[in-house]
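Examining the three-dimensional arrangement
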2 protein chains.
Amino acid sequence: MALFLSKTTNKIDQKGRVSLPAPFRATLSQAGARVILFRSPIHNCLEGFDPQFMEDMSARLDNFDLFSQDQDDLATAIFGEAVPVSVDDTGRMVLSEDLMGHANLSNNATFVGLGQKFQIWSPVEFDKRQQEARDNVKSKNLTLPKGGAHE
Amino acid sequence: MALFLSKTTNKIDQKGRVSLPAPFRATLSQAGARVILFRSPIHNCLEGFDPQFMEDMSARLDNFDLFSQDQDDLATAIFGEAVPVSVDDTGRMVLSEDLMGHANLSNNATFVGLGQKFQIWSPVEFDKRQQEARDNVKSKNLTLPKGGAHE
DNA sequence: TACTTTCCCATGATATCCCATATATATCCA
DNA sequence: TGGATATATATGGGATATCATGGGAAAGTA
């Protein structure tokens, strides 16, 4: 399956419209372009998914007890927060005030491909974040283990 | 599996186009020729991978929790920094200003096969690098360990 | 009506495609 | 062996398509 890769910065116009980078559009599953956005629980940024991928998230949630606090917290954080957004035929989507607020977006939005998902950042904040991520990978010596389980 | 071997130097034209050496093209997985480029974190050069390699990385990332700090750091460092590039039917790809800057590229690019990946260097800097690598192997008495794991 | 949201078209910049030429490597034949 | 012709590769430049973005018209809402 296609992946979201690389980063691009696009303008947000006065109507709150941003062009979803063309390569990102291409990795979305169908033509009837839709994206699921929500506010990242750990960063001041937005996260975007192919609607298809939400199914996988749902499957993962099944690993929790249906009535556990954790399951409830996660489900609320994920599905409750999810905002489906449509992409028009010039490739743009509209970001609500609320979403823009969470990510401190004003005039520019940096789209960052993260494989299965992508993130939307204020350009300045992402620079910091990127450096932080690099540092963490280095200092914690993070690698991608080959095998299955990693807990 | 096919490996990237040997080194070649090709011209970069005014549009930023370079021919990917034909042998390298041949080792890429499919016909819909694509390459993933990275800014090397340790050298002033670019690193190139078969897109298949990224798929493998993605599969490994699935072993991490979706919202864990580590997952996010890795994804940002790996997928966020990856630049997918397409190879046209005359075998050329386009290098962005940004990428060329990182590797100090201007008119020529030296492609160096490194097995699973290849590197793109400014010819002058690669000469230095090659000498350095030889010296390191000699002075540190570096050898190739036998088994798979190498910690 | 006043206001917001969606749709449609216009434009400049950039990237992609296509064809032509040059260079190199391989193949063939006398 | 040598020379000439093929085949593959590399490179140059112009035409074309795609993309990001701005503005306005139409449609929906209150």
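Notes on the pairing of strand E3 (residues 34-39) of chain A
All names here are of chain A. Sheet analysis places E3 next to strand E5 (residues 83-86), joined by four bridges and oriented antiparallel. Across the sheet, Arg34 pairs through a bridge with Ser86, a residue of E5. Sheet analysis places E3 next to strand E4 (residues 46-49), joined by four bridges and oriented antiparallel. Residue pairing for E4: Arg39 is matched across the bridge by Leu46. Connecting E3 to the next strand, E4, in antiparallel fashion are six residues.

Some words on the sheet that holds strand E1 (residues 7-11) of chain B
All names here are of chain B. One open sheet accounts for six strands, arranged E1-E7-E8-E4-E3-E5; its pairing is antiparallel. Each edge of the sheet is formed by a strand with only one pairing partner; in this case those strands are E1 and strand E5 (83-86). Across the sheet, the mean angle from the axis of one strand to that of its neighbour is 30°, orientation sign disregarded. Across the face of the sheet, helix H2 (residues 51-61) comes into contact with strand E3 (34-39) and strand E4 (46-49) while running at roughly 70° to E3.

Some points on empty space enclosed by the protein
With a probe scaled to a water molecule rolled over the atoms, the places where space remains empty come into view. A full pass over the atoms with the stated rule returns two cavities of 30 Å³ or more. In this model, the largest cavity occupies a volume close to 60 Å³. Forming the walls of the largest cavity are Leu114, Gly115, Gln116 and Lys117 of chain A together with Ser58, Leu61, Asp62, Leu66, Gln71 and Phe79 of chain B. Within the lining of the largest cavity, the residues separate by chemical class into four nonpolar, four polar and two charged. Taken as a whole, the second largest cavity encloses approximately 30 Å³ of empty space. What lines the second largest cavity is Phe53, Arg60 and Gln116 of chain A together with Leu61, Asp62, Phe64, Leu66 and Gln71 of chain B. Of the residues belonging to the lining of the second largest cavity, the class tally is four nonpolar, two polar and two charged.

Criteria and thresholds
Here the residue numbers are simple positions, counted from 1 along each chain's written sequence. Each chain takes a letter, starting from A, and each ligand takes a number, starting from 1, following the order in which they are written. For this predicted model, a pLDDT threshold of at least 70 governs which residues receive local features, and a threshold of 80 or more governs which side-chain atom pairs are given and counted, while totals over whole chains, interfaces and linings are taken from all residues. Hydrogens and waters are ignored; side-chain quantities use all the structure's heavy atoms. By this definition, two strands are paired if DSSP reports at least two bridges between them. Numbering of helices and strands starts at the N terminus; helices are DSSP runs of H or I of at least 4 residues and strands are runs of E of at least 2. Axis lines are fitted to C-alpha atoms, over the contacting stretch for helices. Their N-to-C directions set the angle, which ranges from 0 to 180 degrees. Residue contacts follow a heavy-atom distance rule, with two residues in contact if any of their heavy atoms lie within 4.5 Å. Site definitions follow a grid-based scheme: protein atoms alone, a 1 Å grid, a 1.4 Å probe that fits but cannot get out for cavities, and for pockets an open set with protein on both sides within 12 Å along at least five of seven lines, plus lining residues having an atom within 4 Å of a point. Grid points are joined across faces, edges and corners, and a volume is the space filled by probe spheres set on the points. Ten residue types, Ala, Val, Leu, Ile, Met, Phe, Trp, Tyr, Cys and Pro, are classed as nonpolar, four, Asp, Glu, Lys and Arg, as charged, and the remainder, Gly among them, as polar.

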